[in-house]
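This is what each chain is made of:
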Amino acid sequence: MRPVTERVAVAGGDLAVHHLTHAPAEAPTVVALHSISSNALAWVPVAEALDGRARVLAPDMRGRAESASLRSTGLADHVADVHAVVAHYGLERPVLVGHDMGAFVAALAAATHPQDVGAVVLVDGGLAFPSPGSFDVDEVLHSIIGPAMDRLSMAFEDEDAYLDHWRAHPALGPHLAGPQGAALAAYLLHDLAGPIGDMRSTSSLECVRADWADLMSDPATLSAVHTLQCPARLLHARRGPLAQAEGLYTTARVAAAHLPADVVATELASDHYGLLLDDGSVAAVVAAVLGVAVPPSGRVIHTPVTSRHVM
């Protein structure tokens, strides 16, 4: 479906919220939160698989895409925006699903406002990353996301030049040539603005730096996953953001984190970005969402998975 976009009043202005599915009134609601230099359209493949079964609301988080005019001083600003969305739509116990930074926001929102959240699904995020060995935010981000960070300070001649930048990406390049290539291109171009000859990413470098600092060092952010009072799923990629053989998380690191029993962890045979693009990974994200979703009737629509497994 063509996304319908609404503006929701938040601190400092309006947040763009995209309605990515059609669903009956009795369906559960999902608030989908994207990664650190991403935008709401990253969730389109997952939303297409949820169409008719869940209402998916995906904001362009502040400092990105159609919410680029808003500024973030850290994840607490995003959490406040999530609760503004919940209040605006009168949502009851929505599922918060987040990828990368969005997973940390989902966990923090659920931990600080437990009465407002039914469950969380954390996709390659939400649990503290391994120590990067450096306190230089730009250095760490370049080492982890590479071209995704580089493009924040680059100008592009046109849309084709921007997509060429991404075609050289070791992980996203192959996905652009794959079955979800059209959806991926639309998502990437949703980030681009400006006149021909001087087109730039809408993602604010200032916001990315502030948000990443919280991901690495804010005590409330890093402890949130350990204090959740709702069901949770953690889906993590076997490979990293640059298609590295080792992902941001490994099964050993997850086990060493001693997560609460309600946080069920699953490793998926994909890379960091493929979790929202590959058919098998998308199906796993959808199953996790529906497995913890509570519709307005209050009846869980699927029996939650209770065992850890590897796909």
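Residues numbered from 1 in each chain as written. Predicted model: local features only at pLDDT ≥ 70, side-chain atom pairs only at ≥ 80, totals over all residues. Heavy atoms only, no water.

K.L.:
Can you break down the packing of aromatic side chains residue by residue, with the values?
P.N.:
This structure, assessed with the given rule, holds five aromatic pairs. Between Phe129 and Tyr249, the ring centres sit 5.4 Å apart and the planes meet at 35 degrees, which makes this aromatic pair tilted. Of this pair, Phe129 sits in the loop between β6 (119-123) and α4 (137-145) while Tyr249 sits in the loop between β9 (232-237) and α11 (251-256), placing them 120 residues apart in sequence. The burial state of Phe129 is the same as that of Tyr249; both residues are buried. An aromatic cluster is present here, built from Phe104, Phe129, Trp212 and Tyr249 joined pairwise through their rings. (Phe/Tyr/Trp six-rings, centres within 6.5 Å; stacked < 30°, edge-to-face > 60°. Helix = DSSP H or I, 4+ residues; strand = E, 2+ residues; numbered from the N terminus. Buried < 20%, exposed > 50% of the residue type's maximum accessible area, 1.4 Å probe, protein only.)

K.L.:
Any details on the packing of helix α2 (residues 75-89) against helix α9 (residues 205-217)? Residues and values, ideally.
P.N.:
Running from N to C, α2 and α9 point in directions that differ by 100 degrees, and their axes come no closer than 8 Å. Classified by the angle their axes make, α2 and α9 are roughly perpendicular. Contacts between α2 and α9 pair Leu75, Ala76 and His78 from the former with Asp211, Asp214 and Leu215 from the latter. (Axes fitted to C-alpha atoms, helices over the stretch in contact; angles between N-to-C directions. Parallel < 35°, antiparallel > 145°, perpendicular 65-115°, else oblique. Contact = heavy atoms within 4.5 Å.)

K.L.:
Can you explain the pattern of salt bridges? Please cite residues and give values.
P.N.:
Tallying each qualifying case throughout the model produces eight salt bridges. A salt bridge links Asp164 to Arg167; the shortest N-O distance between them is 2.6 Å. One end of the pair is Asp164 and the other is Arg167, both in helix α6 (residues 159-167) and three residues apart, which spans about a single turn. For Asp164, a relative accessible area of 45% translates into the label partly exposed. One salt bridge in this structure joins Arg253 and Glu246, with 2.6 Å as the shortest N-O distance. (Salt bridge = Lys/Arg side-chain N within 4 Å of Asp/Glu carboxyl O.)

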